[in-house]
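Coordinate analysis (summary)
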Amino acid sequence: MTKERLIAFTDAVLAIIMTILVLELEKPAEATLSAFLSLRVNFFAYALSFFWLGSLWVGLNGIWEKVRRISNAVVWWNLFLLFLASLIPYATALCSSHFDSRVMQGFYGLVVIAMTVCNYLLHKALDKPNRDAEDLLTATSAYRRLLLPDIGIKIAGLILALLVYPPIMMYSVLIAAAYILTMKWVTDRKSGSFISNT
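Residues numbered from 1 in each chain as written. Predicted model: local features only at pLDDT ≥ 70, side-chain atom pairs only at ≥ 80, totals over all residues. Heavy atoms only, no water.

1. Focus: helix α8 (residues 168-191)
Condition: Secondary structure is summarised from DSSP: a helix means a run of H or I of at least four residues, a strand means a run of E of at least two, and numbering begins at the N terminus for each. Under the convention used throughout, the expected extent of a helix is 1.5 Å for every residue step, that is, one less than its residue count. Classification of residues uses two cut-offs on accessible area relative to the type maximum, computed with a 1.4 Å probe and protein chains only: under 20% is buried, over 50% is exposed, and between them is partly exposed. Working rule for contacts: check all heavy atoms of both residues, and any pair within 4.5 Å makes them a contact.
The first and last C-alpha atoms of α8 sit 34 Å apart over 24 residues, in line with the 34 Å expected at 1.5 Å per residue. For α8, every residue scored as buried is listed here: Met 169, Met 170, Ser 172, Val 173, Ala 176 and Ile 180. Where α8 is buried, its residues touch α3 (40-64), α5 (88-97), α6 (102-127) and α7 (134-163).

Structure (structure tokens):
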């Protein structure tokens, strides 16, 4: 399999998953502003999941540009990542309907944490067939360093969601995303690459 086919497949699957998210949104019981506002938790869960998947897609595309070769391990880790991503619309819908449920928030948390770990391992798998691509090795190493605290934030969120307050799980995903974006911005600013991205 070529790198281009894997990228096209990944882009298509993520696009479908992100589209399914909006189909899971609950409709208001009545055509009133109060009925619409009563669905704010649904919209929060939808927006969080959509932009989280979107940031995954952006991150993957940034790395794929530097990839020269792929291996069977890369293909399989990518497939596992997409499998877990396909559960996001279902997990989001469950959390939307049962926002204060430990079980539903716990399920969402397990999916998100498993995806992040899988993403970490995918980036690790990319190193082996691309040993001669210094720019890729530097990028995957830096990304994995960012993902370790990200995973820690999500695990802490899962524990607090199960023991204290269930919605903390989704809030921890938001906090982890803010952490990643901030650290990438700081790193890009230090290296001057923010100029070339505009």
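2. Brief notes about the environment of Ala 31
With respect to the helices and strands, the residue Ala 31 is situated in the loop between α1 (3-23) and α2 (33-37). Judged by its relative accessible area of 86%, Ala 31 is exposed. For the pair Ala 31 and Gly 152, spaced 121 residues apart in sequence, the C-alpha separation works out to 42 Å.

3. What about the side chain of Asn 42?
Of note, Asn 42 is situated in helix α3. Residue classification places Asn 42 among the buried positions, given a relative accessible area of 6%.

4. Let's talk about the confidence of the model for the protein chain
Test applied: A residue's pLDDT is the confidence the predictor assigns to it, expressed on a 0 to 100 scale.
Across the protein chain, the average pLDDT comes to 93, with 96% of residues at or above 70. Note that pLDDT drops below 50 for residues 194-198; the model gives that stretch three contacts with residues more than four away or on any other chain.

5. Things to note about the environment of Thr 116
To be explicit about the condition: Pairing of N or O atoms within 3.5 Å defines a polar contact, subject to two protein rules: one partner must be a possible hydrogen donor and the other a possible acceptor, and residues neighboring in sequence count only if both atoms are side-chain atoms.
Tracing the sequence through the fold places Thr 116 in helix α6. Judged by its relative accessible area of 3%, Thr 116 falls in the buried class. Spatially, the C-alpha atom of Thr 116 lies 8.4 Å from that of Leu 81, the residues being 35 residues apart in sequence. When near neighbours in sequence (up to four residues on either side) are disregarded, Thr 116 contacts Trp 52, Leu 147, Asp 150, Ile 151 and Lys 154. One polar contact links Thr 116 to Lys 154, side chain to side chain, over a distance of 2.8 Å.

6. A look at the nonpolar core
So the rule is basically this: What is meant by a nonpolar core is a set of buried Ala, Val, Leu, Ile, Met, Phe, Trp, Tyr and Cys residues, joined one to another through side-chain atoms within 4.5 Å.
Counting 46 residues, the largest nonpolar core has Leu 53, Trp 64, Val 74, Ile 88, Tyr 108 and Met 115 as its most contacted members. If you list the elements that add at least two residues to this core, you get α1, α3, α4 (72-86), α5, α6, α7 and α8. Among residues more than four places away in sequence, those in contact with Leu 53 are Leu 14, Ile 17, Met 18, Leu 21, Ala 85, Ile 88 and Met 115.

7. Focus on the pattern of salt bridges
Charged atoms that come close allow side chains of opposite charge to pair. Worth spelling out the cut-off: Whenever a carboxyl oxygen of Asp or Glu lies within 4 Å of a side-chain nitrogen of Lys or Arg, that contact is scored as a salt bridge.
Overall, the coordinates contain four salt bridges when judged by the stated rule. Across the pair Arg 68 and Asp 132 runs a salt bridge whose closest N-O atoms are separated by 3.5 Å. Here Arg 68, found in the loop between α3 and α4, pairs with Asp 132, found in the loop between α6 and α7; they are 64 residues apart in sequence, far enough to count as distant. Of the residues examined, Asp 132 reaches a relative accessible area of 45% and is grouped as partly exposed. The partner of Asp 150 in a salt bridge is Lys 154, with the nearest N and O atoms 2.7 Å apart. Note that Asp 150 and Lys 154 are positioned in helix α7 at a spacing of four residues, about one turn of the helix. The class for Asp 150 is buried, based on a relative accessible area of 3%.

8. What about the packing of aromatic side chains?
Threshold: Only the six-membered ring of Trp is used, alongside the rings of Phe and Tyr, when aromatic pairs are assigned; centres must lie within 6.5 Å, and planes under 30 degrees apart are stacked while those over 60 apart are edge-to-face, with the rest tilted.
Under the counting rule described, the total for this entry stands at nine aromatic pairs. Measuring from ring centre to ring centre gives 5.6 Å for Trp 77 and Phe 80, while their planes differ by 75°; the resulting arrangement is edge-to-face. Of the two residues, Trp 77 and Phe 80 both sit in helix α4, three residues apart, roughly one turn of that helix. Judged by its relative accessible area of 28%, Trp 77 is partly exposed. Note on Phe 80: relative accessible area 40%, which makes it partly exposed.

9. What to know about the environment of Val 41
When you line up the elements, Val 41 lands in helix α3. Val 41 gets classed as partly exposed once you look at its relative accessible area, which sits at 26%. Put simply, Val 41 and Cys 95 are 54 residues apart on the chain and 8.8 Å apart in space, counted from C-alpha to C-alpha. With sequence-adjacent residues up to four places away left out, Val 41 is seen in contact with Ser 96 and Phe 99.

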